[in-house]
Structure formats: C-alpha cells, structure tokens
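# Observations on the three-dimensional arrangement
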Amino acid sequence: MTKPYAFIFLAVAMLTSSPAWTTNADNAVILLYHHVSTTTPASTSVSPSVFEEHLQYLAEGYNVISLEQAVTALKAKQLLPERAVVITFDDGYRNIYDNAHPRLRKYGMPYTVFINPQMIGKQMSQLNWQQVAEMKSDGAQFANHTSQHRHLLERAAGESLAEWLDGIEKDIAHANALLDRKLASNPAYVAYPYGEFNTDIQSLVATLGMVGFGQHSGGIYSGSDFTALPRFPASGLYGNLRTLKTKINSLAMPVNSSSVLDPVAQQNSVGDFSFTVAGGDVIAQQMGCFYANEALPVSVDGYTVTVTLEKTLPIGRSRVNCTAPSQSQPGRYYWYSQPWFVADQNGKYPD
C-alpha cells in the first residue's frame, strides 16, 4: 500500500528536558517492514531470504526488544539494553504470517504488526483473525493502523477542521474498539497510514494519550517526539543489509528545536530551514544532509544547523536525512529525518 519516500527531514518541538546526547542505553532503532515475499511490489518488499539475513545479523550483535519495552522505558527515561532494535510491520499482510513469523519465532524475536482491523479477513492478501490470534499467542503484538488505511491528511470538500479531526478520532477509536474486542489487548499506539501526519493530528494523538509512529528515518530516545516516532524502512531499496547496517547502528539525533512548524508543505519549495542539537557527543561541524541522495548545502553555527533545500518537492512524501558522527563512539552516526507532505491541486495524496 505504501510507496517509499523520496529523501527529506522532521519537525520537532522544543525538547527542553533532552539529555545532552544519546547513548547506547538511551536509544533504540525501529525497523519498518511491509511485505516479506518475492511476489509482492518490490518497493515495499523484502524477500524471505534477505529477511533471514537481517535477523541473523541482529541476532549476532543486537538486542531485539518489543516495541512496548522500548517506548515504556524511553518515556520513563529508563535505560534500555545496549544496541536495542525493534521490529515492526505495517498493513497486516498474509505473507507476514507465512514468511516472517516462522523466522522471528525461530530467533525468539518479538515484533509488532500495525493492522487495519476492519480489513483483517476481508481480503486474500490480509491476515485473518485466526492467524492474528496464533501470532499473538507466539508473542507478536498488534496495534492500530486506523480502520481502513486512508490518507489522514485529506479533507473532504467543505469539511471544517473540527469535523476533519473528529472523523480521524472516530476512525482511530473504531480501530481500537475492534482490536480490543478481537484481541482483548491493545497498546495505545497508532501508526499513520503512508506515514502522513501534521501538527493537528499529532495534537489529537497526544490528547488521546497515544503514541504515534511515522515512516521517516531515525532512531528514538527519551527526548523524542512521541507523537511522531521515526522508523527506518527496511524493504525495497532500503533492504540491502550493507547500507541497513549503518542505520541499525545509528543514534537518535538529540534535536532541541526546529524551524519547521508543520511537515505539510504549503508550497513545493522549502528554501532554508534550521534545527538545533544538544551539545556533547554530536560532532555538529561534520553534519551532512541529503535529499534524493544528493548532498545539500549546510551551515553550522555552534550547534544550530541551517540546511538549504532549493529543489521543488514532488507531490506526495519527501524527506531530508541529516547525519553527524558520534565523538565517543567512532563509526556510529546520529540520524535525523524531516518529512514533508505535499498534496496535489485537489488536496489529494498519492498512494
């Protein structure tokens, strides 16, 4: 259902309680998969054999923990196991049951699947509730991906802001009710379909007492914005283990503030934007930022980074990724991603 992003970057509110830098024990990386199959769209798929390679690599040097353990500990500013990694899936495809679940069970690794409960058992490509129950009994966790995977940013003609937000709230509540009824347990998490969100949706999710997840890149730490946590895509072009290793080994950039107030771009050009990182371990003078694999002009004043993006943004989803090396942990990089979402002239977003 979801196509990969073209590369771009994320807005973060002031995080005055952030520690000076992240550490192994105040950091986790969340991986995002969709299909584990050779017969599904290549852009959102990883083959079973490559998925096995990912798991073997994780088993050899990382602590794969549950999403619940990671979120609970970091929100409470408690320590995690070093080199903590979380595995997640979006959309609840049948091939997760067929190809991913047996391998994850073999390695004893927990994982979370964000599903659209109103679609479960309704399409051949989707899981059914019997499979969901079996996976849950083996340790998998299931969470809210809204009822039917619609573009949350799209507003009907004449629909007010209040009406639009009320519709999103009802959608999330309906999905929660189905998950509660079918599984008798449901974490207060929601993964945004297509990774799309804005500040109004983030505020709603915060009001509902939920944690929101996007599809932009980066690690998470105790100072992260828990209404839009990043996850590293690990399928399609991003499934190559050679490049994925750097991401798995990354640290969450400790961003204190950003000039980007909302990830929804009102026009197709961004120009300059800036963000400030906490001092300490981040070698800010070596910050590099990239859009569509192209290095962008970057200037650094102390720990304030200004990025110039003159490219015209395409309709849909884009992001800028910024990285900087760690001073205390050679070979590891802090990673920050800013997403932008651009609608077409009719206010629609592509799948």
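Residues numbered from 1 in each chain as written. Predicted model: local features only at pLDDT ≥ 70, side-chain atom pairs only at ≥ 80, totals over all residues. Heavy atoms only, no water.

## Side note on helix 3 (residues 94–107)
- Its 14 residues give helix 3 an end-to-end C-alpha distance of 20 Å, which sits within 8% of 20 Å, the value for a rise of 1.5 Å per residue.
- Along helix 3, the helix axis deviates most sharply at Ala100, where the bend reaches about 45°; the proline Pro102 sits within four residues downstream.
- Inspection of helix 3 places Asn95, Ile96, Tyr97, Asn99, Ala100, His101 and Leu104 among the buried residues, and these make up the whole buried set.
- Taken together, the buried residues of helix 3 touch strand 2 (35–36), helix 1 (48–61), strand 5 (84–90), strand 6 (112–115) and helix 4 (129–137).
- Looking at the residues trailing helix 3, positive phi occurs at Gly108, about 65°. (Helix = DSSP H or I, 4+ residues; strand = E, 2+ residues; numbered from the N terminus. Expected span 1.5 Å × (residues − 1). Bend = angle between axes of the 7 residues up to and from the residue. Buried < 20%, exposed > 50% of the residue type's maximum accessible area, 1.4 Å probe, protein only. Contact = heavy atoms within 4.5 Å.)

## A word on the sheet that holds strand 14 (residues 288–291)
- Within the open sheet, the five strands sit side by side as 11-19-18-14-15. Their pairing is mixed. Of all the strands in the sheet, just strand 11 (251–252) and strand 15 (294–295) have a single pairing partner and so form its edges.
- Relative to strand 18 (residues 316–325), strand 14 runs antiparallel, the two sharing three bridges. Counted as the bridge partner of Phe290 is Asn321 from strand 18. (Pairing = 2+ DSSP bridges.)

## Notes on the state of the cysteines
- Within this structure, the stated rule accounts for one disulfide.
- Each sulfur in the disulfide pair Cys289 and Cys322 lies 2.1 Å from the other. The disulfide joining Cys289 to Cys322 has a torsion of about 115° about its S-S bond and is therefore right-handed. Taken together, the positions of Cys289 in strand 14 and Cys322 in strand 18 put the pair 33 residues apart, joining distant regions of the chain. Across the pair, exposure class does not vary: Cys289 and Cys322 are buried alike. (Disulfide = S-S within 2.5 Å.)

## Overview of the pairing of strand 5
- Within strand 5, seven of the seven residues are buried, which leaves it mostly tucked inside the rest of the structure.
- Here strand 5 shows a buried face lined by Ala84, Val86, Thr88 and Asp90 and a second buried face lined by Val85, Ile87 and Phe89.
- With six bridges connecting them, strand 1 (residues 28–33) and strand 5 associate as parallel partners. Within strand 5, the position partnered with Val29 by the bridge is Val85.
- Pairing between strand 4 (residues 63–64) and strand 5: two bridges, direction parallel. Bridged to Val64 within strand 5 is Val85.
- Handedness of the crossover is the feature at issue here: the chain leaves strand 4, passes through helix 2 (residues 67–75), returns alongside strand 5, and the resulting connection is right-handed.
- Pairing analysis gives three bridges linking strand 5 to strand 6, with the strands arranged parallel. Bridging across to strand 6, Asp90 finds its partner in Phe114.
- With helix 3 bridging strand 5 and the parallel strand 6, this β-α-β connection has right-handed handedness. (Right-handed = clockwise from strand over helix to strand, strands pointing away.)

## Some words on the pattern of salt bridges
- On inspection of all chains with the given rule, the structure shows 10 salt bridges.
- A salt bridge links Lys348 to Glu154; its shortest N-O distance comes to 3.9 Å. With Lys348 in the segment after strand 19 (333–342) and Glu154 in the loop between strand 7 (141–144) and helix 5 (161–183), this residue pair connects regions lying 194 residues apart in the sequence.
- The partly exposed category is assigned to Lys348, whose relative accessible area is 41%.
- The class for Glu154 is buried, based on a relative accessible area of 17%.
- Taken together, the shared-partner salt bridges connect Glu52, Arg103 and Lys106 into one network. (Salt bridge = Lys/Arg side-chain N within 4 Å of Asp/Glu carboxyl O.)

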